[in-house]
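Residues per chain, in single letters:
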Amino acid sequence: MSNTKENIKRGSCPVYKKCGGCQLQNLTYTEQLNFKQKKVEKLLSKFCKADKIIGMNTPYHYRNKVQAAFRTDKNGKIISGVYQSGTHHIVGIDECMTEDVTADKIIVAVRKMLKSFKLTTYDEDKQRGFLRHILVKRGFATNEVMLVLVTGTPVFPSKNNFVKAITKQFPEIKTVVQNINPYRTNLVLGDVQKVLYGKGYIEDILCGCKFRISPKSFYQINPVQTEVLYNKAIEFANLKGKETVLDTYCGIGTIGIVAAKHGAGEVIGVELNKDAVKDAVQNARANNLKNIRFYQGDAGEFMEAVAEESEKPDVVFMDPPRAGSDEKFLSSLIKMSPKTVVYISCNPETLARDLAYIDKNSTYKILKIQPVDMFPHTAHIETVCLLSRKDK
Ligand code: SAH
């Protein structure tokens, strides 16, 4: 283990308990990795021996998407930070060891500018005031930054001067968006958006492919480890150039697009979220890919339909949400019987349940289990598995 992995001092963050975002911060990074490894082994070793978890060399400031809430205290001081876990109380913070450094600096700079621009913070109880949240996203490969100001009211006095001032201070800000959220809600973003500067989106590069990131689009939050994860998934798929590949639960199409660029013959993606599918189509175009298409709908229903067709896919990537997959999907997968299945999971518990179903109801062999640490200091565990059809 390198020294950088060791130099987390236990509980070194001053708001560790109040924030609650980093559940494992009382452990050194090595201990965190051991904890995650043991959990994966406990749940999955009945299927196959798990490889050693791939940790980060520098497990800090990995988050490319940072959010801050704003309030004014009784002395008139403006505070920005995170919600205390399980409450609606904002804990003031200027920096966080998991968040992008530039993003944190932009949030502090905006906070300091508010008074001179006579801008207020939004008061949720009185439903009055202006700034509610800030959302910053940064493309780590491109260094393009998007600044989203979430406001409780639509009127933005002296917005042009404000945008000029913040983009002068941070030239990496390529776009500024005002999102209006007047609702009593836990959701950060509202429905209405105005682009104040730039194109309204930024771009990033993952595994040699370009991706468009808009305020609402889903994008992996740790791009360094996402590349590690996707490279493993592509390695497991062992593409030779002619395969038909399904990218199920595809989000904005990232895995399928990387597969299409790295040797797949034809890729079909399926995703429930309409906006994500639109982004996926756009992303395929931006990468000049003609051998990929996307469907919007439930992955289980899609699999059921494909299992009925005569031409069957060779490789299925599946990357379901925390709840895992469902029986409709899994039974159709077994019926379809692709040679290779690559299961990417963000929840080892539901992964264990789904693998048990496949193990019981098919002749698939589980050949590889590879945990990847996508979220250092938190309890989240990502795992990629290789399943191979046993040919009779
Ligand atoms: N593969 C993507 C996204 C994984 S997150 C990536 O690597 O970035 C899981 C995705 O599954 C989300 O985009 C979510 O919208 C989608 N999803 C959830 N339930 C679904 C369902 N029943 N059918 C299809 N997609 C679903």
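Only a predicted model underlies this, so the values are computations on that prediction, with no experimental measurement involved.

J.: Honestly, the nonpolar core in this entry has me stumped. Any pointers?
T.: Side chains of nonpolar character tend, in soluble globular proteins, to be buried together. Of all hydrophobic cores here, the largest spans 53 residues; its most connected members are Ile257, Ile292, Phe294, Phe317 and Val342. Ranked by residues supplied to this core, first place goes to helix H6 (residues 223-237) with six residues. Two domains share this core, each providing at least three of its residues, namely domain 1 (29-58 + 222-389) and domain 2 (65-206). Not counting residues within four places of it along the chain, the set of residues in contact with Ile257 comprises Cys209, Phe211, Ile252, Ala280, Asn283, Ala284, Asn287, Leu289, Ile292 and Phe294. Judged by nonpolar contacts, the second largest core, of 33 residues, contains Ala307, Leu330, Tyr364 and Ile369.

J.: What is the right way to read the site of the ligand from this model?
T.: Around the ligand there are 16 residues in total, and Tyr230, Glu271, Asp298, Ala299 and Asp319 lie nearest to it. Note that an oxygen atom of the ligand is positioned 3.4 Å from one of the side-chain N or O atoms of Thr254. Between a nitrogen atom of the ligand and a main-chain N or O atom of Leu272, the distance comes to 3.2 Å. Its free accessible area being 570 Å², the ligand has 82% of it covered by the protein chains.

J.: Just checking my understanding: could you explain the environment of Val15 for this structure?
T.: Of note, Val15 is situated in the loop between helix H1 (3-6) and helix H2 (16-19). Judged by relative accessible area, which is 14%, Val15 ranks as buried. Taking the C-alpha atoms as reference points, Val15 and Val82, 67 residues apart in sequence, are found 9.7 Å from one another. Apart from the residues within four sequence positions on either side, Val15 is in contact with Gly20, Val91 and Ile93.

J.: Got a minute to help me understand the side chain of Thr244 in this structure?
T.: Mapped onto the elements, Thr244 comes out in strand S10 (residues 244-248). Look at Thr244 and you get buried, because its relative accessible area is 18%.

Thresholds, definitions, all that
Residues numbered from 1 in each chain as written. Predicted model: local features only at pLDDT ≥ 70, side-chain atom pairs only at ≥ 80, totals over all residues. Heavy atoms only, no water. Core = buried A, V, L, I, M, F, W, Y, C linked by side-chain atoms within 4.5 Å. Buried < 20%, exposed > 50% of the residue type's maximum accessible area, 1.4 Å probe, protein only. Helix = DSSP H or I, 4+ residues; strand = E, 2+ residues; numbered from the N terminus. Domains from an automatic or database assignment. Contact = heavy atoms within 4.5 Å. Near = heavy atom within 4 Å. Polar contact = N/O pair within 3.5 Å; in protein donor to acceptor, adjacent residues only side chain to side chain. Areas by Shrake-Rupley, 256 points an atom, 1.4 Å probe, with all protein chains shown as cover.

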